[in-house]
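Structural overview
This is what each chain is made of:
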Amino acid sequence: AWRDLPSGHTRAAESVALARASGCPATLSYALAAKLMAWCMDPEGRPYDGDPLEDGRLAQSAAAQGRDFYAFHHATVWLANAQGGGTSRDWVEILRRGREELASLGGPHTYIAWLASFEADGLLFLGDWRTCEERLRLALSATPGTIGDVSCRLVAARLASWQGRQSEAEGHLARAEELFAEKSGFLGLSFDSVRAEVAIARGDPERAFTIALAGLEHRADLIERLLPTAARAAADQAEAFRDRGEDPAPAIEMLEHLRDAYPTVPTERNPRPSELAHAAAMQSLYLAEQSRGRGDPTAAGEWIDAAEACAAASLAWDEAYARWRAAEASLASRGDRAAARTQLRRAHMLAADLCAEPLREQVKALATSS
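In what follows, the accompanying structure is described. (Residues numbered from 1 in each chain as written. Predicted model: local features only at pLDDT ≥ 70, side-chain atom pairs only at ≥ 80, totals over all residues. Heavy atoms only, no water.)

1. Some remarks on the overall build of the protein chain
- Counting its regular elements, the protein chain contains 18 helices and zero strands.
- By the compact-globule yardstick of 21 Å for 370 residues, the protein chain fits well, its C-alpha radius of gyration being 22 Å.
- Evaluated residue by residue, the protein chain yields a buried proportion of 53% over its 370 residues.
- Counting only contacts in the protein chain whose residues sit at least 6 apart along the sequence, the fraction spanning at least 24 positions is 64%.
- By element, 52% of the accessible surface of the protein chain is carried by carbon and sulfur atoms, the whole surface being about 16100 Å². (Helix = DSSP H or I, 4+ residues; strand = E, 2+ residues; numbered from the N terminus. Rg over C-alpha atoms; globule rule 2.2 N^0.38 Å. Buried < 20%, exposed > 50% of the residue type's maximum accessible area, 1.4 Å probe, protein only. Contact = heavy atoms within 4.5 Å. Areas by Shrake-Rupley, 256 points an atom, 1.4 Å probe, with all protein chains shown as cover.)

Laid out in structure tokens, this is it:
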């Protein structure tokens, strides 16, 4: 399934039949998880044979019966993936229940921490950064194991970067890279996405663009976020050229390369509704960043569309950023000042609630200058 071979879907179904015949609970758990995995990754989007939630819960109970705690963790993750993407409340809730059940079974902290890190990741994107911090503290309250530690560090790096604690973000990312040598090549960890966003926050859009482009080429984790990040990096460079009175052509060429290579945001192979909403929001951000980079005077409307799409997908941080850009574009084009005021106030409210200090300062600066 991970290699897009058509036999994956059939082999998963066969494995469930064989596992049932074997009478081994742990084997059944792994087979059911493989069936869920093959369905989630089916590029043809075929209907599930049965009920994915029922099979996921059976995979959990079989793992508990067999006292195979990794199998329980594995089943919980794929049950969550079958229900919704990593930025949905349903996904986070399934992980929470699974983590608590695993703890009640006496499972090792390694797997509890790993699940808590996934919860933290989803909660962060949804704007619930306080509960995200609680999950990170839970995970790191004892030895989380290598994968759990790396996963937590990446979430912590993104959170610190968004809230303006750049040295902390760099430290978490450096520790993650120290712990895990694979980095970008391991598709289960969001190294590329985090590294690109930390680079943008550092004021290094050139490096952010290079990282995001490499992640797009090998379909890295959170691939749907990499394209708007790459476009943002190129747009930042274009604006820097203009601010210096220089020709922005090199940055615009980067944007044109992106547009030709990736006209639309890549998505999961068999996306759930929340994943489709996330991808739609990222596509809107991508188009708006393209317009910003080219200096398009009509960009305000695209930024408002992007903000609304982010709000529909419950992506609070992205919405706040898009609202700020919408106000900026409206004022720059001498557009509707009342609309700009509305966007700016919404951006400020979100940034204040998220403790997104860099963005809040940008909002205040724009309000003052206008």
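2. Comments concerning the pattern of salt bridges
- Overall, the coordinates contain 31 salt bridges when judged by the stated rule.
- Between Asp236 and Arg325 there is a salt bridge whose closest N-O contact spans 3.7 Å. Of this pair, Asp236 sits in helix H12 (residues 223-243) while Arg325 sits in helix H16 (residues 316-332), placing them 89 residues apart in sequence. Accessibility classification places Asp236 together with Arg325 in one group, the buried group.
- The partner of Arg292 in a salt bridge is Glu289, and the shortest N-O contact between them spans 2.8 Å. Remark: Glu289 and Arg292 occur in helix H14 (residues 273-294); sequence separation between them is three residues, near one turn of the helix.
- Residue classification places Glu289 among the buried positions, given a relative accessible area of 2%.
- One connected set of salt bridges, linked through shared partners, spans Asp236, Glu239, Glu289, Arg292, Arg325 and Glu328. (Salt bridge = Lys/Arg side-chain N within 4 Å of Asp/Glu carboxyl O.)

3. Some details on the packing of aromatic side chains
- Evaluation of the coordinates by the stated rule reveals ten aromatic pairs.
- Considering the side-chain rings of Trp114 and Phe118, the 6.1 Å spacing of their centres and the 50 degrees angle between planes classify their relative orientation as tilted. Pair noted here: Trp114 and Phe118 are both in helix H6 (residues 109-125), with a separation of four residues, about one helical turn. Each member of the pair, Trp114 as well as Phe118, carries the same accessibility label: buried.
- Measuring from ring centre to ring centre gives 6.0 Å for Phe125 and Trp162, while their planes differ by 65 degrees; the resulting arrangement is edge-to-face. Here Phe125 is found in helix H6, whereas its partner Trp162 is found in helix H8 (residues 145-162), with 37 residues between them in sequence. The burial state of Phe125 is the same as that of Trp162; both residues are buried.
- Feature note: the residues Tyr30, Tyr70, Trp91, Tyr111, Trp114 and Phe118 constitute an aromatic cluster, connected by ring pairs.
- When the ring centre of Trp39 is taken as origin, the NZ or CZ atom of Arg272, which lies over that ring, is 4.2 Å away. (Phe/Tyr/Trp six-rings, centres within 6.5 Å; stacked < 30°, edge-to-face > 60°. Lys NZ or Arg CZ within 6 Å of the ring centre and 35° of its normal.)

4. Some thoughts on the nonpolar core
- Ranked by internal contacts, the top residues of the largest apolar core, which has 103 residues, are Leu258 and Trp303.
- Setting aside residues up to four positions removed in sequence, Trp303 forms contacts with Leu285, Ala288, Glu289, Arg292, Tyr321, Ala322, Arg325, Ala326 and Ala329. (Core = buried A, V, L, I, M, F, W, Y, C linked by side-chain atoms within 4.5 Å.)

5. Some thoughts on the environment of Glu302
- Note that Glu302 resides in helix H15 (residues 299-312).
- The spacing of Glu302 and Leu287 is 15 residues in sequence and 7.2 Å in space, taken between C-alpha atoms.
- Setting aside its immediate chain neighbours within four residues, Glu302 contacts Leu287, Ala288 and Ser291.

6. With respect to the packing of H12 against helix H13 (residues 249-261)
- Where H12 meets H13, the closest approach of the two axes is 8 Å, and the angle between their N-to-C directions is 160 degrees. In terms of orientation, H12 lies roughly antiparallel with respect to H13. Viewed along their axes, H12 and H13 form a crossing whose handedness is left-handed. For the pair formed by H12 and H13, the contact residues are Leu227, Ala230, Ala231, Ala234, Ala235, Gln237, Ala238, Phe241 and Arg242 on the first element and Pro250, Ala251, Ile252, Met254, Leu255 and Leu258 on the second.
- Partitioned by chemical class, the residues of the contact of H12 with H13 number 13 nonpolar, one polar and one charged. (Axes fitted to C-alpha atoms, helices over the stretch in contact; angles between N-to-C directions. Parallel < 35°, antiparallel > 145°, perpendicular 65-115°, else oblique. Left-handed = near helix turned anticlockwise from the far one by under 90°. Nonpolar A, V, L, I, M, F, W, Y, C, P; charged D, E, K, R; others polar.)

7. Here's the deal with unusual backbone geometry
- If you check the backbone angles, Arg219 has positive phi at about 55 degrees while not being a glycine.
- Residue Arg219 is classed as partly exposed on the basis of its relative accessible area of 40%.
- With a phi angle near 60 degrees, Ser314 is a residue other than glycine that sits in the positive phi range.
- Within the secondary structure, Ser314 sits in the loop between H15 and H16.

8. So, helix H4 (residues 69-83)
- Helix length check: H4, at 15 residues, gives a terminal C-alpha distance of 21 Å against a target of 21 Å (1.5 Å per residue), a fit within 8%.
- With respect to burial, H4 is a largely interior element, 13 of its 15 residues being buried.
- Backbone nitrogen of Tyr70 and a side-chain oxygen of the N-cap are separated by 3.3 Å at the start of H4; the cap is Asp68. (Expected span 1.5 Å × (residues − 1). Polar contact = N/O pair within 3.5 Å; in protein donor to acceptor, adjacent residues only side chain to side chain.)

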